[in-house]
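Fold and contact review
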Amino acid sequence: MGLATIALFAALARPLAAGGASPVLYESSVGCSSCFWDLVLAGHPAEPSELAVTGVFSGLRLSHDDGRTWGAGTFEDFPMVSDPKALVTADGTLFISALTSLPNPRDGGPVISGVLYQGPLAGSSFHGTLFKAPAASLPAGERLVADYPKLARAAATGIIYIGTNAVRFDDGSRGPALYVSRDGGQTFDEQKLAYAAPGQTRVSPPLSMDVTAAGSLRVAVTAGREREDRLYLLRFDANGTMFDVVPGLVLSNFYAPLALKRLGGRTTWLVYPGPEIAVDKVPGGPHEGRLYAAWAQPQSIVVDATVDFGRYGRDFDVWLAHSDDDGVSWSTPIKVNDDGTTADQFFPSLRIDTAGTVHVAFVDRRENPDVAQFDVYYALAVDGRVSRNVRVNGQHVAIDDRYGGREVGDYLDMVVAHPTRSYVAYPCLSASGAPADACVAAIDPARFPPSGDLFKCYRAPATTGFVPRTVMLRDRFEQKLTKLLKADSLCNPAARDGNPALDRATGLRCYRIADVPGQPRFAPRDVTIDDAFGHELRTVSRAQSLCTPVNVDQAPSSASLDRFKCYRVRPRAAAAPFTRRRVALMDGFEGKATVVLKPVAFCTAVDEDGRGFRHPAAALGCYRIKDAGGQPRFVRRDVAIDGEFGSETATVTRGRVLCVPATGS
């Protein structure tokens, strides 16, 4: 594991400084009114300062100063119409595949055709070569010979691949095709792609492509019937001529990529669900060769004749999975979005940096699902664990709520990923209810908010072993002599929505506390608490418990967890009601669908009797919870607990609180 990966994993595992700087360093407008549609961001793999943004209708902007300022680029030889895809090679050459418009030889009418542009990213003009042109024998009236191109290049061989849909072949048939160039994009060989299987009523074109370190192409497609689709991987040989078809992940309810523009509304929009794939090509890295897939899918499909398309997906979420055997088997999918609401997330973008960290950006509706607008959120994944989500855009982006249809194009490629600097591009600057530009946010991955373990806390009074005592507690708010009155709760590290716990062995034992008489009362104060469930100003009042690291039933524990002093919180007087969340929690006692009800406490790292802090800025936001309906009741159990105050036994009854990593300022 490289030093950069170790440093980033530490950032995911440990809280940052209280009130730490946002990971979003700055944002800029690229000044391109057409770039928001089918937006594509590309960057130099070794020079983070060099970036390109492109969209439809020859929209192209270039930056040579880390995305702070942007200048126009031009397409030579052929006009660029739409559907761009872009990549930059190690020597700084920018390649863009796209659609262009050429005359039909028979009637002179416009024909959508395929083009590949290339040139130095440090320059400003890019020459085009056709990979699919109208044939001389094309019948009059034909207006399309290629559509929806996808681009990949094998660094090991220099072969360029363009996967394309709706190709009109010389025999008059139509279908997907692969164009292969072995001379740097000067000429292309056309290959029909036949991968449909009997019984499939839906088969997608190539949706996403990447190559292995050895240069073999991998193409993601989907196919299915009724309400179920599946990811299929086309695995090509190193020369790009032969391929096999490997069935992969089941994508339930995938056939309806439609979402309501606002909750309770009657208009929908077509959204891109993916899947997007990427191969870890870090030489000698711990996951070299690992194939990742990110996609969005709804929890259910609603058939409703009153909405404009007659159906829509409800509660889209973004998921991430990986395969270590070239697509034969896949890991259990992890939910990327951490909001726990029924709002929609879709349009996933996926990239892997040179340290092997996975970067995922997506369109998100969590903040205002009842309004026709969206935000863009961003997450990192290291060793199969997803970080806290970060919103990267400043102002909410409005979408047109007047009719059904696309709002930001067929897809978005939003991420350029480097270990110490990443960029996310997104549609922005809404005008007249729709995006009007593209913006780019520069991000420092090391500044991500805390992403330590979640803790599910159970009522667990001690049956033997607890002895009341007095300790000195010092935290960010106060220093007090404090009495431990009784053992109260036991908190287990919990996996959320498939996102595993970092340290499954170390829990927290919580004790009810009271100030030793004769000391000043705690002065209530307002604290901005930022965690996975929101960013809200809450009033912190009296202290109520001390939580210390323990192990349960002789399980070995680590020494990496802080002690926490927990204070009761309440919403500010004019605050909006807390939006209930639903999460899937799995800990050492049970796995349950859980409803997050309301905030109840804020816990801050505490120095107990001069023992110091491990991470002084560590904090937890705690919420009252209940089991979702229809699940078995918790079966009470007796456990043995070992910690710094000795050995206890306790009877564990029901789960009642969920604590999540937080910052407070």
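In what follows, the accompanying structure is described. (Residues numbered from 1 in each chain as written. Predicted model: local features only at pLDDT ≥ 70, side-chain atom pairs only at ≥ 80, totals over all residues. Heavy atoms only, no water.)

1. Here's the deal with the overall build of the protein chain
- Across its full length, the protein chain carries one helix and 49 strands.
- Over its C-alpha atoms the protein chain spans a radius of gyration of 27 Å, differing by no more than 12% from the 26 Å that the globule rule assigns to 665 residues.
- Oriented by its inertia axes, the alpha-carbon framework of the protein chain measures out at about 95 × 50 × 50 Å.
- Looking at the protein chain residue by residue over its 665 residues, the buried ones come to 60%.
- Sequence separation of 24 or more characterises 63% of the internal contacts of the protein chain that already satisfy a separation of 6 or more.
- Put simply, the protein chain shows about 25,100 Å² of open surface, and 52% of that area lies on carbon and sulfur atoms.
- With 72 positive and 73 negative side-chain charges, the protein chain shows a separation of 9 Å between the mean positions of the two kinds. (Helix = DSSP H or I, 4+ residues; strand = E, 2+ residues; numbered from the N terminus. Rg over C-alpha atoms; globule rule 2.2 N^0.38 Å. Buried < 20%, exposed > 50% of the residue type's maximum accessible area, 1.4 Å probe, protein only. Contact = heavy atoms within 4.5 Å. Areas by Shrake-Rupley, 256 points an atom, 1.4 Å probe, with all protein chains shown as cover. Lys, Arg positive; Asp, Glu negative; His and termini not counted. Charge placed at Lys NZ, Arg CZ, Asp CG, Glu CD.)

2. Here's the deal with the side chain of Ser422
- With respect to the helices and strands, the residue Ser422 is situated in strand E33 (residues 422-428).
- Here Tyr378 takes part through its side chain, which lies 2.8 Å from a polar atom of the side chain of Ser422.
- Aside from chain neighbours lying at most four places away, what touches Ser422 is His359, Tyr378, Val416, Ala417, Ala441, Ala442, Ile443 and Pro445. (Polar contact = N/O pair within 3.5 Å; in protein donor to acceptor, adjacent residues only side chain to side chain.)

3. Side note on the environment of Tyr426
- Positionally, Tyr426 belongs in strand E33.
- For Tyr426, a relative accessible area of 2% gives the class buried.
- Taking the C-alpha atoms as reference points, Tyr426 and Val81, separated by 345 residues in sequence, lie 20 Å from one another.
- Beyond its immediate stretch of four places on either side in the chain, Tyr426 contacts Glu27, Leu39, Val376, Val392, Asn393, Gly394, Met414, Asp437, Ala438, Cys439 and Ala441.
- At 2.2 Å, the side chain of Tyr426 forms a polar contact with the side chain of Glu27.

4. Here's the deal with the packing of aromatic side chains
- Enumeration over the complete set of coordinates arrives at 23 aromatic pairs.
- Relative to Tyr411, the ring of Tyr148 has its centre 6.0 Å away and its plane inclined at 65°; by these criteria the two rings are edge-to-face. In this pair, Tyr148 sits in strand E11 (residues 147-153) while Tyr411 sits in the loop between strand E31 (397-398) and strand E32 (415-416), placing the two residues 263 residues apart along the sequence.
- For Tyr148, a relative accessible area of 11% gives the class buried.
- Here the aromatic rings of Phe346 and Phe347 are separated by 6.1 Å at their centres, their planes lie at 75°, and the arrangement is edge-to-face.
- A relative accessible area of 0% places Phe346 in the buried class.
- One aromatic cluster is present, built from ring pairs that chain together Trp269, Phe316, Phe346, Phe347 and Phe374.
- Here the guanidinium or amino end of Lys85 rests over the ring plane of Tyr411, the centre of that ring lying 4.3 Å away.
- In this structure, Lys150 packs its charged tip against the face of Tyr148, placed 3.4 Å from the ring centre. (Phe/Tyr/Trp six-rings, centres within 6.5 Å; stacked < 30°, edge-to-face > 60°. Lys NZ or Arg CZ within 6 Å of the ring centre and 35° of its normal.)

5. Brief notes about the state of the cysteines
- Under the defined criterion, the tally for this structure stands at six disulfides.
- Note that Cys457 is cross-linked by a disulfide to Cys491, the S-S spacing being 2.1 Å. Its torsion about the S-S bond being 105°, the disulfide of Cys457 and Cys491 is classed as right-handed. Of the two residues, Cys457 is situated in strand E35 (residues 454-459) and Cys491 in strand E38 (residues 479-496); the sequence distance between them amounts to 34 residues. (Disulfide = S-S within 2.5 Å.)

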